[in-house]
Amino acid sequence: MAAIETDATQEPLQRQAPPSNVLHACTVGELEVHICRTPRLLHRELAHVFPDLPGAAEVIVSVPTNQHSALDLVKVGDDVAVEKDRCLEVFMEFGKKLCEILVGLGYWADYIDPCSGLPMLTPNTTKVFSEVDCMQILLHYSTMDAGMCKILLHPKWGSSVYPASAFTNAPPNEVHKAIAEISK
């Protein structure tokens, strides 16, 4: 049976073993980073989000990240907006560096702007990507409904989490090396 953890803002959460598609997990600064095989369901979605995705790219590596927010991001207010902006800046710096390294090595790579749900490096696309759905598919994180919105529940941090993702056709070992380089 999985161990139960509690979060100050949430009911007890189940802590489960990582899904089998997770190849590596690490921390880069404030980011919890995973390197994952992309399942077919998500691969089909990515083909719509990234219309310029190389046709021969049958294997896409997903790099979902999560940041522990100082605040519950379900709430509203100026302090929550400032915290979201801070988390956005942290991820955007990571995503830009990761993609620069991988593209520099000759691979395709892109990252999602968590505010708009649109790719940062792929022009002329309007298909919005759901970070919450991505974390559910890749990491098996739970969600809760809040009206028309689906809220991600991190196993340790509850809804005090800021999810964001990057994607590439680079082999997982190259992604791992790029992340290690960013960590320096």
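Before reading further, recall that the structure is shown in the block above.
Residues numbered from 1 in each chain as written. Predicted model: local features only at pLDDT ≥ 70, side-chain atom pairs only at ≥ 80, totals over all residues. Heavy atoms only, no water.

Visitor: Which parts of the structure should I look at to understand the nonpolar core?
Guide: Nonpolar side chains tend to gather and get buried jointly when the protein is soluble and globular. In this structure, Val 33, Val 63, Phe 94, Leu 98, Leu 102, Val 175 and Ile 179 are the most contacted members of the largest nonpolar core, which totals 27 residues. For this core, the secondary structure elements donating two or more residues are β4 (31–37), β5 (61–68), α2 (78–104), β6 (109–111), β9 (161–168) and α4 (172–183). Of all the elements, α2 adds the most residues to this core, at 10 residues. Those residues in contact with Val 63, other than ones at most four positions away along the chain, are Val 33, His 34, Phe 94, Leu 98, Ala 164, Ser 165, Ala 166, Val 175 and Ile 179. Core analysis: the second largest hydrophobic core is formed by 21 residues, Val 22, Val 132, Leu 138 and Trp 157 among them. (Core = buried A, V, L, I, M, F, W, Y, C linked by side-chain atoms within 4.5 Å. Buried < 20%, exposed > 50% of the residue type's maximum accessible area, 1.4 Å probe, protein only. Helix = DSSP H or I, 4+ residues; strand = E, 2+ residues; numbered from the N terminus. Contact = heavy atoms within 4.5 Å.)

Visitor: Explain the pairing of strand β7 (residues 142–146) here, please?
Guide: If a strand is regular, its side chains alternate between the two faces of the sheet. The sheet contact formed by β7 and strand β8 (residues 149–153) spans 5 bridges and is antiparallel. Each bridged residue has a counterpart across the sheet, and for Asp 145 the counterpart in β8 is Lys 150. A loop of 2 residues connects β7 with β8, the two strands running antiparallel in sequence, and Gly 147 in this loop sits at a positive phi of about 70 degrees. (Pairing = 2+ DSSP bridges.)

Visitor: What am I meant to see in the state of the cysteines here?
Guide: Scanning all chains against the criterion turns up 0 disulfides. Between Cys 134, a cysteine without a disulfide, and Cys 36, which holds the nearest cysteine sulfur, the sulfur-to-sulfur distance is 7.9 Å. (Disulfide = S-S within 2.5 Å.)

Visitor: Before we go on, may I ask you to explain α2 in this structure?
Guide: What sets the pattern is the α-helix's 3.6 residues per turn: residues three or four places apart point alike. Under the 1.5 Å per step criterion, the end-to-end length of α2 is 39 Å for 27 residues, consistent within 8% with the ideal 39 Å. Along α2, the residues that are buried comprise Val 80, Glu 83, Cys 87, Leu 88, Phe 91, Met 92, Phe 94, Gly 95, Leu 98, Cys 99, Ile 101 and Leu 102. Downstream of α2 by one or two residues, Gly 106 has phi in the positive range, about 95 degrees. (Expected span 1.5 Å × (residues − 1).)

Visitor: What should I look at first to understand the sheet that holds β4 in this one?
Guide: Note on sheets: strands pair through backbone hydrogen bonds, and any given pair is parallel or antiparallel. Taken in spatial order, the 5 strands make up an open sheet running β3-β4-β5-β9-β6, and their pairing is antiparallel. Only two strands of the sheet have a single partner each, and these edge strands are β3 (22–28) and β6. Neighbour to neighbour, the strand axes of the sheet diverge by 20 degrees on average, direction disregarded. Relative to β4, β3 runs antiparallel, the two sharing 6 bridges. Bridging across to β4, Val 28 finds its partner in Leu 31. (Axes fitted to C-alpha atoms, helices over the stretch in contact; angles between N-to-C directions.)

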